[in-house]
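Spelled out, the chains give:
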Amino acid sequence: MKTQIKSISAESLAEAKEIIDNGGVVAIPTETVYGLGGNAFDDEAVQKIFQVKGRPNDNPLIAHVHEGYDLSKIIDYDPPYAKKLREAFLPGPLTLVYPSTGKVSPYVSCGLNTLAVRIPSHEGAQAFLREVDIPIVAPSANLSKHVSPTSAQHVKEDFDGKIPLILDGGMCEGGIESTVCDVTGEIPVILRPGLITREMIADMVGACGEYTPDFQAKEKVKSPGVLYKHYSPRCQTALYTVAQIEWAQRACAHSIADGKRVAVLAENDMLPYFKGENITLLNLGKTEREMASNLYELLREAEKVADVLIAIEPTKQEGVMVGVLNRLRKACLSVDIAH
Ligand code: AMP
Ligand code: MG
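Residues numbered from 1 in each chain as written. Chains lettered and ligands numbered in written order. Predicted model: local features only at pLDDT ≥ 70, side-chain atom pairs only at ≥ 80, totals over all residues. Heavy atoms only, no water.

## Considering the overall build of the protein
Reasoning step 1: A tally of helices and strands in the protein yields nine helices and 15 strands.
Reasoning step 2: Here the C-alpha radius of gyration of the protein, 20 Å, is about what a compact globule of 339 residues would show, namely 20 Å.
Reasoning step 3: Oriented by its inertia axes, the alpha-carbon framework of the protein measures out at about 60 × 50 × 35 Å.
Reasoning step 4: Across the 339 residues of the protein, 56% fall into the buried class.
Reasoning step 5: Long-range contacts, defined as pairs at least 24 residues apart, comprise 69% of the intrachain contacts of the protein with a sequence gap of at least 6. (Helix = DSSP H or I, 4+ residues; strand = E, 2+ residues; numbered from the N terminus. Rg over C-alpha atoms; globule rule 2.2 N^0.38 Å. Buried < 20%, exposed > 50% of the residue type's maximum accessible area, 1.4 Å probe, protein only. Contact = heavy atoms within 4.5 Å.)

## A closer look at the sheet that holds strand S5 (residues 94–99)
Reasoning step 1: An order of S1-S8-S2-S3-S7-S4-S6-S5-S9-S10-S11 is seen for the eleven strands of this open sheet, with the pairing classed as mixed. Edge strands, defined here as strands with exactly one partner in the open sheet, are strand S1 (4–7) and strand S11 (209–210).
Reasoning step 2: Alignment of strand S4 (residues 62–64) against strand S7 (residues 136–137), held across two bridges, turns out to be antiparallel. Counted as the bridge partner of Ala63 is Val137 from S7.
Reasoning step 3: The strands that helix H3 (residues 80–89) touches are S5 and strand S9 (179–182); relative to S5, the one it contacts most, it runs at about 160°. (Pairing = 2+ DSSP bridges. Axes fitted to C-alpha atoms, helices over the stretch in contact; angles between N-to-C directions.)

## Points about empty space enclosed by the protein
Reasoning step 1: Applying the stated criterion across every chain, the model contains two cavities of 30 Å³ or more.
Reasoning step 2: Roughly 520 Å³ of internal volume is contained in the largest cavity.
Reasoning step 3: Surrounding the largest cavity, 36 residues form its lining, Arg55, Pro60, Ile62, Val180 and Arg192 being those nearest its centre.
Reasoning step 4: The dominant element in the lining of the largest cavity, judged by the number of residues it contributes, is strand S6 (residues 114–118), at four residues.
Reasoning step 5: Its volume calculated, the second largest cavity comes out at about 40 Å³.
Reasoning step 6: Taken together, Leu71, Arg86, Leu90, Tyr98, Val117, Arg118 and Ile119 make up the lining of the second largest cavity.
Reasoning step 7: Looking at side-chain class alone, the lining of the second largest cavity contains five nonpolar, no polar and two charged residues. (1 Å grid on protein atoms, 1.4 Å probe; cavity = no way out; pocket = protein on both sides within 12 Å on 5 of 7 lines; lining within 4 Å. Points joined across faces, edges and corners; volume = space filled by probe spheres on them. Nonpolar A, V, L, I, M, F, W, Y, C, P; charged D, E, K, R; others polar.)

## Focus: helix H8 (residues 288–305)
Reasoning step 1: In this model, H8 (18 residues) spans 25 Å end to end at C-alpha, consistent with the 26 Å of a helix rising 1.5 Å per residue.
Reasoning step 2: Most pronounced at Leu295, the bend in H8 amounts to some 40°.
Reasoning step 3: What H8 keeps buried is the set Met291, Ala292, Leu295, Tyr296, Leu298, Leu299, Arg300, Ala302 and Glu303.
Reasoning step 4: Against helix H5 (152–159), strand S13 (262–266), strand S14 (279–283), strand S15 (308–312) and helix H9 (320–331) lie the buried residues of H8. (Expected span 1.5 Å × (residues − 1). Bend = angle between axes of the 7 residues up to and from the residue.)

Structural data, given as structure tokens:
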């Protein structure tokens, strides 16, 4: 199969719709990362997404719809605070998890009794979702465990010859996946941190919890995706805090002495600690938005230029940085937490 990258036009959207209507998958841009989209009502299309990505079959998918889509077609329970969150933050990088109604394919939720729904704000994503006018499941368009894609080229690196079409909507501005927030209980609870922060949600509706999976508990983990090693570059990785900077410098020196190619990923102000001819410096940036937006691009760069990635946790660790750190820590895990 030849994989084509096409910019978004009436013609490429019509082609994408035809692929979707025939049970195929299409990569689409969103404001967070690129997604691998398929018809949420179609069992085979949904299963194809798991198969193409190599995704574990207990990690559920998010259904994406356009701004004008009638949500009552796929959900019924909708507490007033969820409505408030939609008005405040959607379309945008926030996914809401509702009790499921069994309307979409059972493969979407992987046995959970909930359905995750998102309304992306990216113009290209909206145009595509309007064109198909059905819920589209769209996990990040990367091979499972690999770094998420923030450009059409990244998608091609992982799926060349495996999918027919990548709609090119440019670089994703957000850079990390959506905040996933459970709205099945009395207050919203964040399952995965992202650009819409816990503080922003609490400011809007008065309270917001944060879920940490209990590995010992008998109940099902609420969001299995939070467990896995993820987002990982294909090179050795080591993560240090700013307080451990001397260890990081020593690790660099040892790796170089061993003849390895070394890259250092750090926020702008920490890079001067790593000057050296044999080191590739990957500048995460200065602001939290820059760091979110640059993270995946730089992790993909790291695996191309280095055998060993030394990463330094950014100094600021609140707000949007909770999401950035969450991804960075998973990217640098050496093993899965659970499987
Ligand atoms: P991605 O595949 O990168 O788009 O990530 C989707 C994330 O949403 C994963 O962490 C999933 O575990 C999570 N997710 C999807 N559906 C649900 C659901 N029904 N309940 C909780 N988390 C979900
Ligand atoms: Mg993903």
